[in-house]
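Listed below, chain by chain, are the residues.
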Amino acid sequence: MSKYGSLRDGATEDGHCRVFLKATLREHDRSMDHPFMQSIYDKRVTDKALVHYLFGLKRSFEALEELASREQLPTADSRLHRRAALRADLAALGATL
């Protein structure tokens, strides 16, 4: 069974997140064993590691949000945009943007 257990099984409704999780279960399970993710689960992640991770996410979301805006994708829901929140998190950690 997946490490995500009940998230996959017994669902009566399949929202977008659940459908995506089901389709990527193997990858999610593998990611849970990564040393960085283990440091998060064990609450021993360093600020430096977290800043590097958030910078990577910020760059990814900037690219996705730019593409969605430029291409005017019908599925581009601005509620999913994370760039501003990631910038705020990085600023709170004292990272230079």
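Residues numbered from 1 in each chain as written. Predicted model: local features only at pLDDT ≥ 70, side-chain atom pairs only at ≥ 80, totals over all residues. Heavy atoms only, no water.

Asks: Can you walk me through the pattern of salt bridges in this structure?
Replies: A side chain of one charge can pair with a side chain of the opposite charge when the charged atoms of the two come close. Within the structure shown, the criterion is met by 4 salt bridges. For the salt bridge of Arg87 with Glu62, the shortest nitrogen-to-oxygen distance reads 3.2 Å. Taken together, the residues Arg87 in helix α5 (residues 83–92) and Glu62 in helix α4 (residues 47–71) connect sequence positions 25 residues apart. A salt bridge links Arg83 to Glu65, with the nearest nitrogen and oxygen atoms 3.2 Å apart. (Salt bridge = Lys/Arg side-chain N within 4 Å of Asp/Glu carboxyl O. Helix = DSSP H or I, 4+ residues; strand = E, 2+ residues; numbered from the N terminus.)

Asks: How should I be thinking about helix α2 (residues 25–32) in this particular structure?
Replies: For an α-helix, 3.6 residues make a turn, and residues three or four places apart therefore share a direction. Inspection of α2 places Leu25, Asp29 and Met32 among the buried residues, and these make up the whole buried set. Viewed along the axis of α2, the buried residues span an arc of 60 degrees, placing them on a single side of the element. Within α2, the exposed residues directed more than 90 degrees away from the buried face are Arg26 and Arg30. (Buried < 20%, exposed > 50% of the residue type's maximum accessible area, 1.4 Å probe, protein only. Arc of directions from axis to C-beta.)

Asks: Would you take a moment to explain the side chain of Glu62 for this structure?
Replies: For Glu62, a relative accessible area of 17% gives the class buried. Discounting chain neighbours no more than four positions away, the residues touching Glu62 are Arg83 and Arg87. (Contact = heavy atoms within 4.5 Å.)

Asks: Whenever I open this one, the environment of Thr24 confuses me. Can you help?
Replies: Examined against the element boundaries, Thr24 turns out to sit in the loop between α1 (16–23) and α2. A polar atom in the side chain of Thr24 sits 2.9 Å from the side chain of His28. (Polar contact = N/O pair within 3.5 Å; in protein donor to acceptor, adjacent residues only side chain to side chain.)

Asks: Help me out: how do you make sense of the packing of α4 against α5 in this one?
Replies: Angle between the axes and distance between the axes: these two values describe a pair of packed helices. Two elements in contact, α4 and α5, have axes separated by 9 Å at closest approach and are oriented at 160 degrees. What the angle tells us is that α4 and α5 run roughly antiparallel. Read as a crossing pair, α4 and α5 show a hand that is left-handed. Contact residues: α4 offers Val51, Leu54, Phe55, Leu57, Lys58, Phe61, Glu62, Glu65 and Glu66, while α5 offers Arg83, Leu86, Arg87, Asp89 and Leu90. Considering only residue class, the contact of α4 with α5 consists of 7 nonpolar, no polar and 7 charged. (Axes fitted to C-alpha atoms, helices over the stretch in contact; angles between N-to-C directions. Parallel < 35°, antiparallel > 145°, perpendicular 65-115°, else oblique. Left-handed = near helix turned anticlockwise from the far one by under 90°. Nonpolar A, V, L, I, M, F, W, Y, C, P; charged D, E, K, R; others polar.)

Asks: Would you take a moment to explain the packing of aromatic side chains for this structure?
Replies: Here the structure, examined in full by the defined rule, presents 1 aromatic pair. With 5.0 Å between their ring centres and 40 degrees between their planes, Phe36 and Tyr53 make a pair best called tilted. One end of the pair, Phe36, is in helix α3 (residues 35–41); the other, Tyr53, is in helix α4, and 17 residues separate them in sequence. (Phe/Tyr/Trp six-rings, centres within 6.5 Å; stacked < 30°, edge-to-face > 60°.)

Asks: Would you mind going over the nonpolar core with me for this structure?
Replies: In globular proteins that are soluble, nonpolar side chains generally tend to be buried together. Counting residues in hydrophobic clusters, the biggest one holds 5 residues: Val51, Leu54, Leu86, Leu90 and Ala95. Going through the elements one at a time, α4 and α5 are the ones with two or more residues in this core. (Core = buried A, V, L, I, M, F, W, Y, C linked by side-chain atoms within 4.5 Å.)

Asks: Please clarify how unusual backbone geometry should be interpreted in this entry.
Replies: Peptide bonds are mostly trans, and most non-glycine residues show a negative phi. Even without being a glycine, Lys43 presents a positive backbone phi close to 60 degrees. Its place among the elements puts Lys43 in the loop between α3 and α4. What makes Lys43 exposed here is its relative accessible area of 76%.

Geometry only, nothing functional implied.
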